[in-house]
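# Architecture and fold: a report
Letter by letter, the chains look like this.
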Amino acid sequence: MLSALRPKIESILNNKTVEVNERLKQICDLLQGNISYYDWVGFYFKNGNKEELKLGPYAGEPTDHTIIPFGKGICGQVALSNENFVVPDVKAQNNYIACSINVKAEIVVPLFVNGENIGQIDIDSNTPDPFTQEDEKFLEFVNKEVGKIL
């Protein structure tokens, strides 16, 4: 299922007639619309020289978390660790920022450009413990492709 989306992701990202943020939004829509347990999909990016993340394009319910300080929540932790963070049960995380009472699990994968962590893709799921290594590898692929257009 996930691997079948790879050519679509490449096609969206390679369409230079569409503005970058719109292509990122199309990626979010594609993932949320085609993977049943991806209930919220969004990109966060480092906010200039500030030690915080700023919400970029996303698909799903609106969120109040448009700015996330480094170190706060799962996204903020990934901004510092530069490593994937898979949370099978958000209730078990002390440093979790709740976006919705329906969210049960989260996966965050950092996005690198020229070796620098410039942001991340964040997926919330209303399904308990849905994320596998396949999801991690797939989202690493997505971010690698996204990094090529940034």
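Computed from a prediction, not measured in an experiment: that's the story for all the values here. (Residues numbered from 1 in each chain as written. Predicted model: local features only at pLDDT ≥ 70, side-chain atom pairs only at ≥ 80, totals over all residues. Heavy atoms only, no water.)

### Re the layout of surface pockets
Applicable threshold: Grid points spaced at 1 Å and placed over the protein atoms alone form the basis of the search, with a cavity being a set where a 1.4 Å probe fits but cannot get out and a pocket an open set showing protein on both sides within 12 Å along at least five of seven lines. Lining residues have an atom within 4 Å of a point. Grid points are joined across faces, edges and corners, and a volume is the space filled by probe spheres set on the points. Classification used: nonpolar for Ala, Val, Leu, Ile, Met, Phe, Trp, Tyr, Cys and Pro, charged for Asp, Glu, Lys and Arg, polar for all others including Gly.
In this structure, the largest pocket encloses a volume near 160 Å³. Taken together, Asp39, Trp40, Glu61, Pro62, Thr63, Cys99, Ser100, Asn102, Val103, Asp124 and Asn126 form the lining of the largest pocket. Residues that form the lining of the largest pocket fall into these classes: 4 nonpolar, 4 polar and 3 charged.

### Focus: the packing of helix H1 (residues 6-14) against helix H4 (residues 133-147)
The criterion, for reference: Between N-to-C directions, angles span 0 to 180 degrees; the directions come from axes that are lines fitted to C-alpha atoms, helices contributing only their stretch in contact. Each helix is a run of DSSP H or I of at least 4 residues and each strand a run of E of at least 2, with the numbering of both proceeding from the N terminus. Angular relationships are summarised with four words: roughly parallel below 35 degrees, roughly antiparallel beyond 145, roughly perpendicular across 65 to 115, and oblique for the angles in between. Two helices crossing with the near one rotated counterclockwise from the far one by less than a right angle form a left-handed crossing, whereas a clockwise rotation gives a right-handed crossing. We call two residues in contact whenever any of their non-hydrogen atoms come within 4.5 Å of each other.
The N-to-C vectors of H1 and H4 enclose an angle of 20°; their axes lie 10 Å apart at closest approach. The pairing of H1 with H4 is recorded here as roughly parallel in orientation. As for the relative orientation of H1 and H4, their crossing is right-handed in sense. Between H1 and H4, the residues in contact are Arg6, Ile9, Glu10 and Leu13 and Lys137, Phe138, Phe141, Val142, Glu145 and Val146, respectively. Across the contact of H1 with H4, the residue classes tally to 6 nonpolar, no polar and 4 charged.

### Remarks on the sheet that holds strand E1 (residues 40-46)
What counts here: Strands qualify as paired when DSSP identifies two bridges or more between them.
The strand order across the open sheet formed by 6 strands is E3-E2-E1-E6-E5-E4, and the pairing between neighbours is antiparallel. Strands with a single pairing partner mark the edges of an open sheet, and in this sheet they are strand E3 (67-69) and strand E4 (85-87). Shown here is a sheet whose adjacent strand axes are inclined to one another by a mean of 25°, direction ignored. Here E1 pairs with strand E2 (residues 52-59) via 5 bridges, running antiparallel. Note on E2: the bridge partner recorded for Tyr44 is Leu55. Where helix H2 (residues 20-34) meets the sheet, its contacts fall on E1, E2 and strand E6 (116-125), and the angle it forms with E2 comes to roughly 65°. The sheet strands contacting H4 are E1, E4, strand E5 (105-113) and E6, and the helix crosses E5 at an angle near 35°.

### Structural notes on H4
Spelled out, the test is: One less than the number of residues in a helix, times 1.5 Å, gives the span that helix is expected to have. We call a residue buried when its accessible area falls under 20% of the maximum for its residue type, exposed when it is over 50%, and partly exposed in between, using a 1.4 Å probe and counting protein chains only. Residues adjacent in sequence count toward polar contacts only when both atoms are side-chain atoms; beyond that, a polar contact is any pair of N or O atoms within 3.5 Å, and within protein one must be able to donate a hydrogen and the other to accept it.
Here H4 is 15 residues long and its end C-alpha atoms lie 21 Å apart, about the 21 Å a rise of 1.5 Å per residue gives. Taken residue by residue, H4 has Asp135, Phe138, Leu139, Phe141, Val142, Asn143, Glu145, Val146 and Gly147 as its buried positions. The backbone nitrogen of Glu134 lies 3.1 Å from a side-chain oxygen of the residue at the head of H4, namely Thr132.

### Here we look at unusual backbone geometry
Positioned with a positive phi, Asn82 is a non-glycine residue whose angle comes to about 60°. Look at Asn114: it is not a glycine, yet its phi comes out positive at around 55°. Judged by relative accessible area, which is 80%, Asn114 ranks as exposed.

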